[in-house]
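Analysis of the macromolecular model
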Amino acid sequence: MNSSGPLIHGRRFVPYISRDRIAEKVAELAGRISADYAGERPMLLVVLNGAMPFAVALMQQLTVDVELCCIRYASYVGTSSTGTGKEVIGLPEERLKGRRVIVVEDIVDTGRTIAYLHERLQACGVKDSEVAALTFKRGKYLGTLPIRYIGFEIEDAFVVGFGMDYDEYGRQYPDIYQLEE
Ligand code: IMP
């Protein structure tokens with residue numbers, strides 16, 4: 001990495017959101033979540049791999065007890081003409097009934113991922129579910145679900161770092177970078 005930012009798969013990324021701003025924002029979100037769920041024990045549903053650093057940082061600042069559960073999406077090739085689709089792995093269906101759930105995401109882009117997850121959670125009989133997203137591309141959002149806890153609203157630029165990747169590279173950076181124009 002040079003002073004401007006990392007070079008990943010031949011593309012230059014430049015500094016966008018510093019680790020200090022991320023830490024401040026995580027503390028703010030954790031404060032809100034702790035107040036909203038005071039006296040309760042929500043389930044944090046962490047969407048791997050990208051949400052891992054955000055989930056760890058957030059969890060450590062919460063003053064409420066949580067149950068932690070990690071899930072991931074796997075792409076599969078559909079048998080119908082619709083082609084590829086996605087499937088959730090690791091959803092603890094038997095423990096979701098009546099629970100309050102917070103889906104933890106590194107980034108919400110079109111919103112397809114959280115919309116699909118929301119449907120699955122409803123089908124499992126959760127009491128309610130909210131989304132905590134470190135970053136949100138409002139300009140690209142096609143969904144209707146409100147996102148209760150938003151870290152940063154970002155422009156429609158590709159970002160990496162703090163869990164987010166460009167083709168599986170860049171997740172380890174403690175700051176967030178955006179693709180240089
Ligand atoms: P969705 O469109 O909201 O369903 O988001 C799908 C996924 O696209 C996210 O979970 C990320 O894995 C990926 N994604 C979208 N925009 C970015 C980005 O700027 N950087 C890294 N990953 C992204």
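Preceding this paragraph is the structure being described.
A brief report on the enclosed structure follows. A quick note: this is a predicted structure, and the numbers were derived from the prediction, not measured.

This paragraph deals with the layout of surface pockets. Roughly 770 Å³ of volume is contained in the largest pocket. If you trace the largest pocket, you find 28 residues lining it, with Lys 86, Glu 105, Asp 106, Ile 107 and Thr 113 closest to the centre. Elements with a minimum of two residues in the lining of the largest pocket: strand E3 (43-48), strand E4 (67-77), strand E6 (100-108) and helix H3 (112-123). Considering only residue class, the lining of the largest pocket consists of 12 nonpolar, 6 polar and 10 charged.

Below, the discussion takes up helix H2 (residues 52-61). Within H2, the full set of buried residues consists of Phe 54, Ala 55 and Leu 58. Each buried residue of H2 sits inside an arc of 95° when the element is viewed along its axis, so together they form one side. The inward-facing, buried residues of H2 abut helix H1 (19-36), E3, E6 and strand E7 (128-136).

Below, the discussion takes up the pattern of salt bridges. Per the stated rule, a full pass over the model turns up 17 salt bridges. Note that Arg 100 and Asp 128 form a salt bridge whose closest N and O atoms lie 3.0 Å from each other. One end of the pair, Arg 100, is in strand E6; the other, Asp 128, is in strand E7, with 28 residues separating them in the sequence. Among the ionic pairs, Lys 137 bridges to Asp 109, the shortest N-O distance being 3.6 Å. Highlighted residues: Lys 137 in the loop between E7 and strand E8 (149-153) and Asp 109 in the loop between E6 and H3, separated in sequence by 28 residues. On the accessibility criterion, Lys 137 (6% relative accessible area) is buried. By relative accessible area, which is 23% here, Asp 109 ends up partly exposed. What you see here is one network of salt bridges that share partners, running through Arg 41, Glu 67, Glu 94, Arg 95 and Arg 99.

Turning our attention to the site of the ligand. Around the ligand, the neighbouring residues are Ile 107, Val 108, Asp 109, Thr 110, Gly 111, Arg 112, Thr 113, Lys 137, Ala 157, Phe 158, Val 159 and Asp 165. A distance of 2.5 Å is found between an oxygen atom of the ligand and a side-chain nitrogen or oxygen belonging to Thr 110. With respect to the ligand, the backbone of Gly 111 contributes an N or O atom lying 2.8 Å from an oxygen atom. Taking 490 Å² as the accessible area of the ligand by itself, protein coverage stands at 79%. When atoms are counted within 2 Å of each cavity's grid points, the one that captures over half of the ligand is the largest pocket. Along the lines of polarity and charge, the residues of the shell around the ligand split into 5 nonpolar, 3 polar and 4 charged.

With that out of the way, let us pick up the sheet that holds strand E9 (residues 159-160). Taken in spatial order, the 4 strands of this open sheet run E1-E2-E10-E9, and their pairing is antiparallel. Each edge of the open sheet is held by one strand with a lone partner, namely strand E1 (7-8) and E9. Pairing of E9 with strand E10 (residues 176-179), which is carried by 2 bridges, proceeds in the antiparallel orientation. Counted as the bridge partner of Val 160 is Tyr 177 from E10.

A separate point is the side chain of Ser 34. Of note, Ser 34 is situated in helix H1. By relative accessible area, which is 7% here, Ser 34 ends up buried.

Parameters at a glance
- Residues numbered from 1 in each chain as written.
- Predicted model: local features only at pLDDT ≥ 70, side-chain atom pairs only at ≥ 80, totals over all residues.
- Heavy atoms only, no water.
- 1 Å grid on protein atoms, 1.4 Å probe; cavity = no way out; pocket = protein on both sides within 12 Å on 5 of 7 lines; lining within 4 Å.
- Points joined across faces, edges and corners; volume = space filled by probe spheres on them.
- Helix = DSSP H or I, 4+ residues; strand = E, 2+ residues; numbered from the N terminus.
- Nonpolar A, V, L, I, M, F, W, Y, C, P; charged D, E, K, R; others polar.
- Buried < 20%, exposed > 50% of the residue type's maximum accessible area, 1.4 Å probe, protein only.
- Arc of directions from axis to C-beta.
- Contact = heavy atoms within 4.5 Å.
- Salt bridge = Lys/Arg side-chain N within 4 Å of Asp/Glu carboxyl O.
- Near = heavy atom within 4 Å.
- Polar contact = N/O pair within 3.5 Å; in protein donor to acceptor, adjacent residues only side chain to side chain.
- Areas by Shrake-Rupley, 256 points an atom, 1.4 Å probe, with all protein chains shown as cover.
- Sits in = over half its atoms within 2 Å of the grid points.
- Pairing = 2+ DSSP bridges.

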